[in-house]
Amino acid sequence: MIDAVATDSSSTPSNEKPRRVRRTRMTGAERRQQLLEIGRTLFAAKGFEGTSVEEIAAKAGVSKPVVYEHFGGKEGLYAVVVDREMRRLLDMVTSSLTAGHPRELCEQAAFALLDYIEEYTDGFRILVRDSPIPQSTGTFASLISDIATQVEDILGREFKSRGFDPKLAPLYAQALVGMVALTGQWWLDVRRPKKAEVAAHLVNLAWHGLDGLEAKPHLIGRRKA
């Protein structure tokens, strides 16, 4: 399909007509993906309020109606971006929980969040902002709650085997996941110490509590970085 026909006169003699350069039009799916990537970058850098449909369209090289056609406006584009990032982070955390030992499970969950922050920094910046869209698919708080539900089952089994009340597992799951998430927000900008060291200290506090903290926490799983 042809999007437009442009002329190229850079190497055309003055007595000849300019050559026509044909450009391939993007498919609907390709245009949608392009708009999502542009929106994601702008929302991360400027926030929802600081980003305009005009700017999104200009960077995509299209008119404003194209953005409305695909997403119904800025709000629709933002909601899709947030939903995609939430699902990506939740999938990364859920798929990371493969170990049998509870302490290593804590390590894997911490690494999953830090990996996401490192690999999808723009996405995390969008998630940690309060959503300005009431009808959006979720917020960072709801995402943390979803992750805590995954951890809750693990803690419940561990509590039961140790003689603790498994009904307290949801409380501890929220506390553990919230601790990792808030630390992740702080590490987003400082990036010190290194990721593995941050994970080790998080698990050190989660596993030992303040009373049993190790002076030099170490990781027990195979992953060290």
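Note: the structure precedes this text.
The structure displayed is predicted, hence computed values, not measured ones.

Caption draft 1: Region of the structure containing the overall build of the chain. In terms of helices and strands, the chain carries 9 helices and 2 strands. Helices (α) and strands (β) of the chain occur, in sequence order from the N terminus, as β-β-α-α-α-α-α-α-α-α-α. Long-range pairs, those at least 24 residues apart, make up 59% of the contacts in the chain with a sequence separation of at least 6. Element-wise, carbon and sulfur atoms account for 52% of the exposed surface of the chain, whose accessible area totals about 13000 Å².

Caption draft 2: Just helix 3 (residues 64-71), in detail. Within the sequence span of helix 3, burial applies to Val66, Val67 and Phe71. Taken down its axis, helix 3 places every buried residue within 105° of arc, on the same side. Residues Pro65 and Glu69 are exposed on helix 3 and point more than 90 degrees away from its buried face. Against the buried residues of helix 3 lie helix 1 (28-46), helix 2 (53-60) and helix 4 (74-96).

Caption draft 3: Broad picture of the nonpolar core. By size, the foremost hydrophobic cluster in this structure holds 55 residues, and its most contacted members are Phe43, Ile56, Leu89 and Leu127. If we skip the residues at most four places from it in the chain, Leu127 touches Val82, Glu85, Met86, Leu89, Tyr116, Phe140 and Leu143.

Caption draft 4: Region of the structure containing the pattern of salt bridges. Here the structure, examined in full by the defined rule, presents 10 salt bridges. Of the charged contacts in the structure, one is a salt bridge between Lys195 and Asp115, with a shortest N-O distance of 2.6 Å. You can see Lys195 sitting in helix 9 (residues 195-208) and its partner Asp115 sitting in helix 5 (residues 102-119), a full 80 residues away along the chain. Assessed through its relative accessible area of 10%, Asp115 is described here as buried. Linking Asp189 and Arg125 is a salt bridge whose minimum nitrogen-to-oxygen distance equals 3.2 Å. Remark: Arg125 occurs in helix 6 (residues 121-128) and Asp189 occurs in helix 8 (residues 169-190); sequence separation between them is 64 residues. Overall, the relative accessible area of 53% leaves Asp189 in the exposed class. Of the residues examined, Arg125 reaches a relative accessible area of 28% and is grouped as partly exposed.

Cut-off values and rules
- Residues numbered from 1 in each chain as written.
- Predicted model: local features only at pLDDT ≥ 70, side-chain atom pairs only at ≥ 80, totals over all residues.
- Heavy atoms only, no water.
- Helix = DSSP H or I, 4+ residues; strand = E, 2+ residues; numbered from the N terminus.
- Contact = heavy atoms within 4.5 Å.
- Areas by Shrake-Rupley, 256 points an atom, 1.4 Å probe, with all protein chains shown as cover.
- Buried < 20%, exposed > 50% of the residue type's maximum accessible area, 1.4 Å probe, protein only.
- Arc of directions from axis to C-beta.
- Core = buried A, V, L, I, M, F, W, Y, C linked by side-chain atoms within 4.5 Å.
- Salt bridge = Lys/Arg side-chain N within 4 Å of Asp/Glu carboxyl O.

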